[in-house]
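Observations on chain architecture
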Amino acid sequence: MAGVAETAMESVIGKPVPRVDGPLKVSGTARYTSDHNLEGMLYAVPVCATIAKGRIRSLNVAAAESVRGVKAVYHRENIGKVFRTAPAMGFSLMSDERRPPFEDDVIRYWGQYVAVVVAETFQQAQAGAAAVQVSYDAEPHDVSTELALPAGESLREESKRGDVAAAFASAPVKIDATYVTPAETHNPIELHASVAAWDGQSFTLYETSQAVWNQREVLAQMLGVPLDNVRVISRFLGSGFGGKLWPWPHSVLAAVAARKLNRPVKLVVSRRMMFQNVGHRPLTQQRVRVSAKADGTLLSLDHEALNHTAILDDFSEGCGEATGYLYSVPNVRIASALVRRNVGSATAMRGPGAVPGLYATESAMDELAVALKMDPVALRLKNEPKLDESLGLPFSSRHMVECLQVGAEKFGWARRTPQVGSMKADGKTLGWGVAVASWIAARFDCEAKVELRADGSARVACGTQDVGTGTYTVLAQVVADKAGVPLDRVEVVLGDTTLPPGPISGGSMVTSSMIPAVGDATRQAIETVLLAATSSKTGPFAGKKRGEVEFANGRVQLKGDASSGVGFGEVLAAQNLSVATGSGKSGATFGAKPTVSQHSFGAQFVEVTWQPEIARLRVSRVVTVIDAGRVLNLRAGRNQIEGAVMMGVGMAMFEQTEYDHKTGATINNSLADYLMTTHADAPSVDVTFLDYPDLTLNEYGARGIGEIGLAGVAPAITAAVYHATGVRVRRLPIRIEDLLANQKLA
Amino acid sequence: MELFEYSQAASTEAAVKSGSATGARFIAGGTTLVDLMKLGVETPQRVVDVNSLAGKVPGIDTVDVTPEGGLRIGALVRNADLAHHQTVASHYAVLSQALLSGASAQLRNMATTGGNLLQRTRCVYFRDTAFPCNKREPGSGCPAIGGVNRMMAILGTSDQCIATNPSDMNVALTALEATIHIQGAKGERAVPIHEFFLLPGTTPHKENVLEPGELITFVTLAKPAAGTRSVYLKLRDRASYEFALSSAAVVAQVEGKRLKNVRIAMGGVGTRPWRMVEAEHVLEGHEVEDGNLRKAAEAALRAAKPQSENGFKVELAKRCLVHAVKQLVELA
């Protein structure tokens with residue numbers, strides 16, 4: 001025993017720890033939302049509008065009602081009262097499609113729900129939905145992908161310093177280009193779903209939610225019941241990418257039907273509906289004007305962004321997020337506006353704002369480097385800022401220079417010859433490109449409870465979620481580290497509004513948010529253990545003062561004397577205590593007035609191969625260097641960055657929601673027709689974490705890594721494509737036809 | 001999916017009889033039919049499962065060498081099994097390569113030879129019943145014309161339909177001049193593949209020569225002449241799990257750089273697998289060089305009629321043909 005106590009347990013923080021929920025997932029026993037089958041459950045299938053603008057003229061449900069097994073068909077006439085959410089103070093009551101379903105008979109986008117059929121089986125509900133007859137008075141819709149500032153409207157200035165117009169006008173070297181990113185659809189493998197149960201007074205809602213607390217608030221208000229009468233559960237998510245952050249109308253439909261029929265109702269959104277009813281990254285059109293002195297010193301940066309938004313909802317992508325602080329530049333202007341289209345509501349998608357924004361500004365930087373005949377890495381190094389010039393505040397921890405230098409070294413950038421098409425290997429033309437990445441670091445409010453139990457195990461409970469990124473594992477690691485409990489003896493409970501309120505799984509902020517709360521909760525539980533030990537009438541610590549004992553490696557011991565240690569479980573058991581509990585609570589920094597600029601940084605180096613004779617472009621190699629504070633779990637962290645790089649390849653080369661302009665329908669609405677990166681497209685990816693703890697954020701210095709890996713990938717790819725082909729692609733995705741336009745037969 | 005009657009065929013004759021009923025469909029691998037039934041595009045009243053013929057009909061699920069030295073492929077042979085069959089991989093490489101370039105491993109494990117000959121188009125409008133489609137409902141219209149049509153055909157289109165035949169296998173079989181063996185109520189018949197597929201014309205719903213109830217039982221391939229080589233090249237946006245923007249199957253006897261008995265078929269460009277007879281004439285008996293390759297490519301695509309979004313396919317198809325021939329003679 002003494003020998004064990006003297007060996008300090010190795011910390012699990014920063015280690016490549018496998019996922020604690022991995023066995024559940026690979027064995028198919030993790031229960032996702034739509035895996036919940038409740039006694040007497042019915043199935044709901046929505047009916048979707050087949051016009052993009054107009055009104056419902058008539059809706060005939062007779063045939064649907066006569067389909068075998070159909071219990072009810074709900075629509076505007078009979079859905080009953082569904083409320084809007086009240087105007088929100090601050091960051092609460094979030095939803096992107098605020099109109100309650102069926103509120104009026106106006107159709108504003110293709111696929112909008114006009115009715116929902118509830119039946120004994122899924123197949124019967126489908127047959128019923130197909131039998132609902134709807135006629136419309138259609139009006140001309142607008143799903144144009146060419147955005148223009150609406151007449152009479154002007155751009156809203158988000159940030160401004162100096163005089164961009166004057167600086168740009170007199171600058172010796174300048175770029176003025178417009179970049180377009182298409183609407184992109186979140187395509188997590190797990191479809192959105194709701195399983196709603198009503199017990200006559202309260203709702204239990206199994207949801208695919210990245211934010212169970214917000215889901216509860218919004219649903220309670222829309223359903224018109226007290227907050228206490230709604231419980232939202234989301235134990236496992238088959239990812240969400242932001243699409244599952246805020247509630248969507250199908251959740252309301254499932255809950256309303258469950259209450260009306262007094263039976264549980266399951267509604268699974270189909271893949272096709274995923275393209276129209278549950279959000280997307282909006283189309284952006286960004287004009288960037290950047291200018292520099294002949295030596296590359298930046299003079300001005302003007303970033304104007306338009307994004308499309310639904311008829312009723314004001315979703316700003318926020319493309320200028322990283323523009324103000326990325327470089328040292330005296331004259332900056334960031335401005336934006338929304339352009340309404342007959343499309344479903346847009347929502348956050350992995351790296352909202354910064355990801356499409358950086359595609360534009362980093363592309364412009366690459367074009368500037370070409371115009372300056374300057375190495376694109378050198379151009380960025382030359383303009384490294386000493387502080388966040390948009391806030392006039394120091395950075396908490398910025399190692400962009402090192403990201404670029406380490407990346408260049410690992411990639412072999414020094415061997416790059418700048419001339420277009422000048423690099424060859426294995427009969428292919430190579431293109432090398434670079435871009436930088438950045439993402440916000442902050443914390444949300446978080447509460448947590450920790451139990452240290454008499455059997456030597458621990459339990460941590462927090463009403464946050466694991467999107468599939470590793471939150472279960474990281475929480476277990478923090479408690480294991482603080483309480484000296486083996487990782488496999490830490491039970492983690494998430495995704496339930498009966499637990500202490502936890503942060504949304506968004507903004508790459510769960511890890512940074514939960515560390516202080518979980519740390520405090522663990523410390524409080526430890527304090528309880530110590531109190532129990534010293535207040536005991538018997539045992540080795542009886543009669544000792546608090547100051548004479550300490551907690552180390554899961555054991556209570558006399559100060560400085562590891563040989564006196566007794567496991568906390570034994571201490572509790574000796575006093576017939578089942579558990580020592582602690583709770584922790586930490587406040588948000590997100591939305592608060594900053595005293596320091598907290599961001600993560602990164603550099604993306606990309607190699608593409610180009611075979612003009614068959615117009616084949618592939619991304620072959622990516623080196624990514626990430627400065628995201630301390631990485632708590634190297635395995636989960638690497639997985640996040642590698643996955644994000646794959647998504648970046650998709651953003652650059654494949655992904656695009658296509659609107660049929662005659663009808664307004666999202667027409668490529670399947671996994672075969674909406675192209676994403678396959679394994680066969682995967683480049684080799686070299687991930688490096690610089691691992692500088694950012695202690696301004698939490699005691700481990702962890703920021704967040706869910707989104708930064710996607711930032712900068714697309715512009716690095718288009719830069720590489722230019723280097724290989726001479727074609728500058730300013731409208732994503734890069735397509736064969738773009739490259740063919742400028743190539744002679746080889 | 002709507003309710004349907006399901007039965008298993010006890011014999012080829014029984015299958016043909018059940019399959020002749022109104023609203024009947026055969027099912028083998030189900031990779032097209034079940035998919036389209038889920039979408040409501042196919043709404044058969046009766047589904048006749050022909051998988052039960054395996055073991056009852058000799059050779060219907062095997063690949064056998066014929067007495068003439070050719071190959072007889074059973075209609076129920078799965079795409080994966082056919083692709084990995086030793087004789088196919090060595091003597092009909094184009095077929096093996098085409099099969100392996102298609103779909104995903106899971107789909108190839110299910111999809112059959114007979115079923116793949118009947119694979120329906122991937123036209124997004126055909127697959128969505130919210131839209132009119134002349135292939136689904138004759139006379140209802142074609143929203144792909146002037147719509148989202150980047151993937152659509154540039155050869156063999158009509159003002160009624162521009163949908164592409166999506167199969168890779170069919171392209172290889174066309175270059176191999178396969179024969180389709182069909183069992184019908186009046187007995188067996190054999191149809192050369194170039195007569196099997198129909199152009200859309202004014203009847204895009206009619207995609208092949210099969211009469212109601214007729215069942216594909218075998219596909220036969222002739223013995224390759226000495227010195228025959230073959231290759232399949234598929235061009236697409238991503239590296240896997242995507243239909244061709246352009247593909248080329250080339251089969252020829254190669255002597256140095258000289259080609260004999262050259263047969264070329266292309267996919268991703270036609271409303272049916274497209275045999276490039278004029279290109280073959282340009283190359284036949286000649287040594288391959290850049291000049292006649294380009295001439296062959298020009299000849300192949302001379303009749304191309306691009307739609308609003310797929311003009312690039314003309315040039316892409318030319319490069320595809322040129323490169324495939326170069327690969328065949330190992331110039332690329």
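Residues numbered from 1 in each chain as written. Chains lettered and ligands numbered in written order. Predicted model: local features only at pLDDT ≥ 70, side-chain atom pairs only at ≥ 80, totals over all residues. Heavy atoms only, no water.

1. Focus: the pattern of salt bridges
Under the convention used in this document: For salt bridges, the criterion is a side-chain nitrogen of Lys or Arg within 4 Å of an Asp or Glu carboxyl oxygen. Only DSSP runs of H or I covering at least 4 residues are called helices, and only runs of E covering at least 2 are called strands; the numbering of each starts at the N terminus. For the exposure calls, accessible area comes from a 1.4 Å probe over protein chains only, and a residue counts as buried if that area is under 20% of its type's maximum, exposed if over 50%, partly exposed in between.
For the structure shown, the criterion picks out 70 salt bridges over all chains. The salt bridge involving R263 of chain A is made with E120 of chain A; its shortest N-O contact spans 2.9 Å. Note that R263 of chain A is positioned in the loop between α7 (249-261) and β12 (265-268) and E120 of chain A in the loop between β5 (113-119) and α4 (122-131), a separation of 143 residues in sequence. Exposure remark for E120 of chain A: the relative accessible area of 30% places this residue in the partly exposed category. A salt bridge links E298 of chain B to R294 of chain B; the nearest nitrogen and oxygen atoms lie 3.1 Å apart. Here the residue E298 of chain B and the residue R294 of chain B both occupy positions in helix α11 (residues 290-300), the gap between them amounting to 4 residues, near one helical turn. Counted as one network, the salt bridges with shared partners bring together E157, R289, D302, E304 and R333 of chain A.

2. So, the confidence of the model for chain A
Detail in the predicted coordinates should be disregarded across regions flagged by low pLDDT. How we decide: The predictor's confidence in any single residue is recorded as pLDDT, a number from 0 to 100. Working rule for contacts: check all heavy atoms of both residues, and any pair within 4.5 Å makes them a contact.
Residues at a pLDDT of 70 or more form 98% of chain A, whose mean pLDDT is 96. Within the model, pLDDT remains below 50 along residues 1-7 of chain A, and this stretch shows 8 contacts once partners closer than five positions in the same chain are excluded.

3. Here's the deal with the domain arrangement of chain A
The parts lose accessible area when they come together, and the size of an interface is often stated as this lost area. Residues and elements named next belong to chain A. Inclusion rule: Where each domain starts and ends comes from a domain assignment, either automatic or drawn from a database. Residues adjacent in sequence count toward polar contacts only when both atoms are side-chain atoms; beyond that, a polar contact is any pair of N or O atoms within 3.5 Å, and within protein one must be able to donate a hydrogen and the other to accept it. Residue classes follow a fixed rule: Ala, Val, Leu, Ile, Met, Phe, Trp, Tyr, Cys and Pro count as nonpolar, while Asp, Glu, Lys and Arg count as charged, and any other residue, Gly among them, counts as polar.
Looking at chain A, the domain boundaries give domain 1 (2-30 + 443-586), domain 2 (34-140 + 186-274), domain 3 (146-181 + 285-392) and domain 4 (395-439 + 593-746). On a C-alpha basis, the centroid separation for the pair domain 2 and domain 3 is 38 Å. In this complex, domain 2 contributes 15 residues to the contact, which on the side of domain 3 involves 13 residues. Where domain 2 packs against domain 3, one counts 0 salt bridges. Inspection of the region where domain 2 meets domain 3 yields 7 residue pairs in polar contact (both at pLDDT 80 or more). Looking at the side of domain 2 that touches domain 3 residue by residue, the class counts come to 6 nonpolar, 3 polar and 6 charged.

4. Observations regarding the interface of chain A and chain B
Using the following cut-off: Two parts placed together each lose some accessible area under a 1.4 Å probe, and the buried area is that loss summed for both.
With 38 residues of chain A at the interface, the matching set in chain B holds 35 residues. Carbon and sulfur atoms make up 56% of the area that chain A and chain B hide from each other, which totals about 3100 Å². Our count for the contact surface shared by chain A and chain B stands at 3 salt bridges. Here R150 of chain B ties to E737 of chain A by a salt bridge, and the two come within 2.6 Å at their closest N and O atoms.

5. Some thoughts on the sheet that holds strand β6 (residues 133-138) of chain A
All names here are of chain A. Here is the rule: When DSSP locates at least two bridges between a pair of strands, those strands are taken to pair.
Spatially, β4-β2-β6 is the arrangement adopted by the 3 strands of the open sheet, whose pairing is antiparallel. Of all the strands in the sheet, just β4 (106-107) and β6 have a single pairing partner and so form its edges. Alignment of strand β2 (residues 54-60) against β6, held across 6 bridges, turns out to be antiparallel. When the bridges of β6 are listed, S58 appears paired with S135.

6. Concerning the environment of V566 of chain A
Residue and element names in this part refer to chain A. Here V566 shows up in strand β23 (residues 561-567). According to the relative accessible area criterion, V566 is buried, its value standing at 16%. Put simply, V566 and A552 are 14 residues apart on the chain and 9.8 Å apart in space, counted from C-alpha to C-alpha. Setting aside anything within four residues of it in sequence, one finds V566 in contact with P540, F541, G554, R555, V556 and V571.

7. Let's talk about the packing of helix α9 (residues 354-372) of chain A against helix α16 (residues 713-725) of chain A
Residues and elements named next belong to chain A. To keep it simple, the criterion reads: Only the stretch in contact is used when a helix axis is fitted, and all axes are lines through C-alpha atoms; the angle between N-to-C directions ranges over 0 to 180 degrees. These descriptions rest on fixed angle ranges, namely under 35 degrees for roughly parallel, over 145 for roughly antiparallel, 65 to 115 for roughly perpendicular, and the rest for oblique. When the near helix sits turned anticlockwise from the far one by under a right angle, the crossing is termed left-handed; a clockwise turn instead gives a right-handed crossing.
Between α9 and α16, the shortest axis-to-axis distance is 8 Å and the interhelical angle comes to 30 degrees. Here α9 is positioned roughly parallel relative to α16, judged by the angle of their axes. Crossing of α9 over α16 shows right-handed handedness. Residues L358, Y359, E362, S363, D366 and V370 of α9 lie in contact with α16, whose contacting residues are A714, P715, T718, A719 and Y722. Grouping the amino acids of the contact of α9 with α16 by side-chain chemistry returns 7 nonpolar, 2 polar and 2 charged.

8. Quick notes on the environment of E146 of chain A
Residue and element names in this part refer to chain A. When you line up the elements, E146 lands in the loop between β6 and β7 (156-161). For the pair E146 and M273, spaced 127 residues apart in the sequence, the C-alpha separation amounts to 24 Å. If near-sequence neighbours (up to four positions away) are discounted, E146 is found in contact with Q285, R341 and R731. In terms of polar contacts, E146 uses its side chain to reach the side chain of R731, at 3.2 Å.

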